Amino acid sequence: MPQMDIGQGANMDRLFADIQYVKGVGPKRNILLRRLGIENILDLLWYVPRAYFNRGKSQQIANLKDGDNVNLRGMVRATHSWRARRGMAIFKAVIEDDSGFITAVWFNQPYISGLIKNDQEIFISGKAKGCPGAFEVHVSEFEILDHEDMEFTVLPIYGLTEGLNQKTMRRLLHYVLDEYLPYYPEIMEPQAKEKYGLCNIDYAIRNIHFPEDGPSYLAARKRLAFEELTVFQIGLHVNKTLNLSAGQYISHLEKNQLVENIRNKLPFKLTPAQQRAVTEIFADMEKPLPMNRLLQGDVGSGKTVVAALAMAKAAASGYQSAIMAPTEILAEQHYNSLQQIFAGTDVVIASLTGGTPTREKQMIVEAAGLGNIDILVGTHALIQEQVVFERLGLAVIDEQHRFGVKQRALFNSKGLSPDMLVMSATPIPRTLALTVHGELSLSIIDELPPGRRPVKTVHISAADRMRAYRFVRQETAKNIQAYIVCPLVEESEKQDLQAAVSLYDELKHEILPGINLGLLHGRMKSSEKDQVISSFKKGSIQVLVTTTVIEVGVDVPNASIMIIEHAERFGLSQLHQLRGRVGRGHKQSYCLMIGDPRTEEAAARLQAMQKLSDGFKLAQEDLRIRGPGDFWGVKQHGLHQLKVADLIKDQKIVESSRDLVENMMEPEQLLRWQSYAEYKFKKSSHIVQN
Ligand code: ADP
Ligand code: MG
């Protein structure tokens with residue numbers, strides 16, 4: 001196959017032929033295929049099987065063991081279907097091979113009884129349960145055999161929709177592979193294929209559908225994963241270089257007395273990791289190029305002060321900075337700590353949130369536009385249209401995973417390519433971070449300030465909730481403060497609120513009478529929230545009953561108990577964030593997670609929380625439990641649309657493809673890949689603009 005020349009790449013247009021007009025499709029199947037997201041030939045070629053039947057590997061019934069994952073081939077000898085308790089449909093078939101009989105079971109698939117008949121030859125795969133002589137196989141995949149398919153040892157199993165069957169899909173793919181594969185461009189450079197051990201694209205696409213054998217499947221998979229990830233990296237790379245080719249840039253002063261003064265006045269010494277991050281950020285800021293840096297550090301690792309130093313540098317260089325936080329509470333807290341950090345300097349700090357009274361808002365907006373405010377702290381309010389800066393030099397986004405990609409871009413546009421610092425406690429493993437945030441440079445704070453002790457974390461079943469409250473009562477007597485976080489009811493903020501209010505009442509009147517309780521939730525006025533938080537900071541509120549509004553960022557070092565109600569409803573990153581509210585002082589802290597997990601996943605999360613305190617390890621565990629598709633923030637990046645590549649299994653490929661794009665490609669190769677990427681995704685916008 002010739003190397004692709006995108007200039008005359010019109011051949012590839014054939015791959016965009018509408019699926020409706022492909023031989024054997026027609027109007028009815030057209031609708032069904034579109035339901036699967038298949039609109040053209042290209043989509044179909046990349047419609048990767050979700051599993052395979054390997055006939056070469058079928059086992060003998062006589063050799064099965066309990067718990068085995070099995071692949072069997074045999075004849076259907078008897079069938080039986082009925083409805084069990086609670087209406088569950090059960091279908092059983094007795095299957096015979098040369099070595100014996102077995103019962104295959106299908107749950108809740110009422111249509112099966114119409115498909116499977118006596119004396120058919122069938123393949124099943126699933127899990128064996130029972131003991132020799134009385135085995136059942138709980139079927140996950142099955143296939144009624146047909147002589148048409150006999151020549152293949154490995155058969156693809158596609159994700160289907162009602163009205164389409166495997167046979168139709170296979171036939172369609174056979175046809176399309178023969179007819180259209182020759183038009184598929186080979187885009188990978190020969191050197192890259194050699195260096196990374198990649199097969200040709202036509203071989204890969206054919207073998208991902210109809211693998212000749214195990215090794216050819218693996219080769220196909222590797223090549224396609226590599227291709228997908230390279231396309232993705234190209235998108236990131238293009239964004240990165242685009243950023244660098246616009247307008248004039250800011251550079252901040254190198255020597256900077258204000259920064260030194262502030263650093264010396266801090267009540268603590270920066271940790272080596274914080275110091276390293278500051279050095280990296282400063283180096284970027286001094287360059288006459290826009291900084292795009294992600295500061296990643298576990299909950300409580302001290303990111304705020306790093307941002308404060310960067311803002312000091314900007315202020316002393318004559319530029320304004322802005323810092324945006326996802327909640328009012330957090331913005332207010334940043335405002336207060338910046339006031340402290342900058343006390344005694346002439347740096348002017350203001351805060352702007354949704355709750356700022358209109359009059360005041362107008363004044364602040366005006367002052368920012370005139371350049372009379374050096375540091376503007378706020379929430380989403382900062383990116384509203386009327387806010388303009390006279391000379392924004394640094395934009396900081398805290399808890400960036402809480403913001404959408406668009407919001408970030410908006411913020412970025414508030415100045416002439418200001419330096420950008422995004423901060424996140426979302427502890428993504430390094431390789432993944434480089435992929436998801438490929439357009440950013442990365443600084444990592446990988447140690448906590450000295451003296452922190454891991455938070456003792458215990459799971460308590462709902463029936464034992466009183467134990468947790470007895471503990472709170474006993475500890476508050478020793479001047480220790482606690483948070484009690486209420487269940488999260490996803491569907492409605494109103495219900496969240498009700499849950500918090502009624503728990504508050506119950507605690508106040510029945511369970512913890514005599515203790516000073518405070519209530520905090522998202523529907524309160526900003527002034528009320530401030531009031532509550534500051535009373536809690538001062539200690540006049542001993543126990544703060546709250547919704548998840550305190551989930552991120554809140555810093556009250558004297559609070560050392562965190563009680564989480566219905567902990568089973570929270571995701572692992574949320575649990576970790578919540579727990580991160582305590583363990584900030586020198587005292588031993590506790591996190592009590594109340595709840596009865598109803599799924600294996602939920603149980604695994606609580607287990608992980610008890611076992612691990614390091615956010616990076618928890619993130620890895622979370623990936624393992626959930627898979628990368630659901631991983632924090634990954635969805636919005638479109639990485640979940642990868643059809644073959646798996647960000648965890650394919651870390652090596654992620655790295656290689658990055659290496660290929662960043663270090664090995666000549667400009668014209670980059671251009672070719674870029675057109676290919678655009679071509680490939682011209683219908684769907686898989687490449688995410690970051
Ligand atoms: P996060 O990274 O979660 O945003 P914060 O910036 O809120 O963390 O810092 C957590 C707490 O640690 C704050 O009370 C802060 O004052 C304190 N802190 C930050 N850096 C240090 C340090 N080097 N030594 C001691 N305490 C520190
Ligand atoms: Mg923070």
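Refer to the structure printed above.
Source: prediction; values computed, not measured.

Engineer: Could you clarify how one ought to interpret the overall build of the chain in this entry?
Structural biologist: Along the chain, the regular secondary structure elements total 21 helices and 20 strands. Contacts in the chain between residues at least 24 apart in sequence constitute 73% of all its contacts with a sequence separation of at least 6.

Engineer: Whenever I open this one, the site of ligand 1 confuses me. Can you help?
Structural biologist: Near ligand 1 there are 16 residues, and of these Gly300, Lys303, Thr304, Arg452 and Asp555 occur at the shortest range. Here an oxygen atom of ligand 1 and a backbone polar atom of Gly300 are 2.6 Å apart. Within the side chain of Asp555, an N or O atom sits 2.7 Å from an oxygen atom of ligand 1. Contact with the protein chains hides 84% of the accessible area of ligand 1, taken as 560 Å² for the molecule alone. Its residues assigned to classes, the shell around ligand 1 shows 4 nonpolar, 6 polar and 6 charged.

Engineer: Please explain the side chain of Thr327 as it appears in this structure.
Structural biologist: Inspection of the secondary structure puts Thr327 in the loop between β9 (320–324) and α10 (328–341). For Thr327, a relative accessible area of 17% corresponds to the buried category. Dropping the residues within four chain positions of it, Thr327 is found in contact with Thr379 and Val549.

Engineer: What's the story with the packing of helix α3 (residues 166–180) against helix α5 (residues 201–209) in this structure? I'm lost.
Structural biologist: The relative placement of two packed helices comes down to the angle between their axes together with the axis-to-axis distance. Put simply, α3 and α5 touch, their axes get as near as 11 Å, and they point 170 degrees apart. With respect to their mutual orientation, α3 and α5 come out roughly antiparallel. Each of Leu173, Leu177 and Asp178 in α3 lies in contact with α5, whose residues at this interface are Ile205, Arg206 and His209.

Engineer: I tried to follow the sheet that holds strand β6 (residues 136–144) on my own but got confused; where do I start?
Structural biologist: Paired through backbone hydrogen bonds, the strands of a sheet run either parallel or antiparallel to each other. The 5 strands are arranged β2-β3-β4-β6-β5 in a closed barrel whose pairing can be described as mixed. Going from strand to strand, the sheet's axes swing by 55 degrees on average, the running direction of each strand aside. Both strand β2 (residues 69–83) and strand β5 (residues 121–129) contribute to a ladder of 7 bridges, which runs antiparallel. Each bridged residue has a counterpart across the sheet, and for Arg73 the counterpart in β5 is Phe123.

So, how was this worked out
Residues numbered from 1 in each chain as written. Chains lettered and ligands numbered in written order. Predicted model: local features only at pLDDT ≥ 70, side-chain atom pairs only at ≥ 80, totals over all residues. Heavy atoms only, no water. Helix = DSSP H or I, 4+ residues; strand = E, 2+ residues; numbered from the N terminus. Contact = heavy atoms within 4.5 Å. Near = heavy atom within 4 Å. Polar contact = N/O pair within 3.5 Å; in protein donor to acceptor, adjacent residues only side chain to side chain. Areas by Shrake-Rupley, 256 points an atom, 1.4 Å probe, with all protein chains shown as cover. Nonpolar A, V, L, I, M, F, W, Y, C, P; charged D, E, K, R; others polar. Buried < 20%, exposed > 50% of the residue type's maximum accessible area, 1.4 Å probe, protein only. Axes fitted to C-alpha atoms, helices over the stretch in contact; angles between N-to-C directions. Parallel < 35°, antiparallel > 145°, perpendicular 65-115°, else oblique. Pairing = 2+ DSSP bridges.

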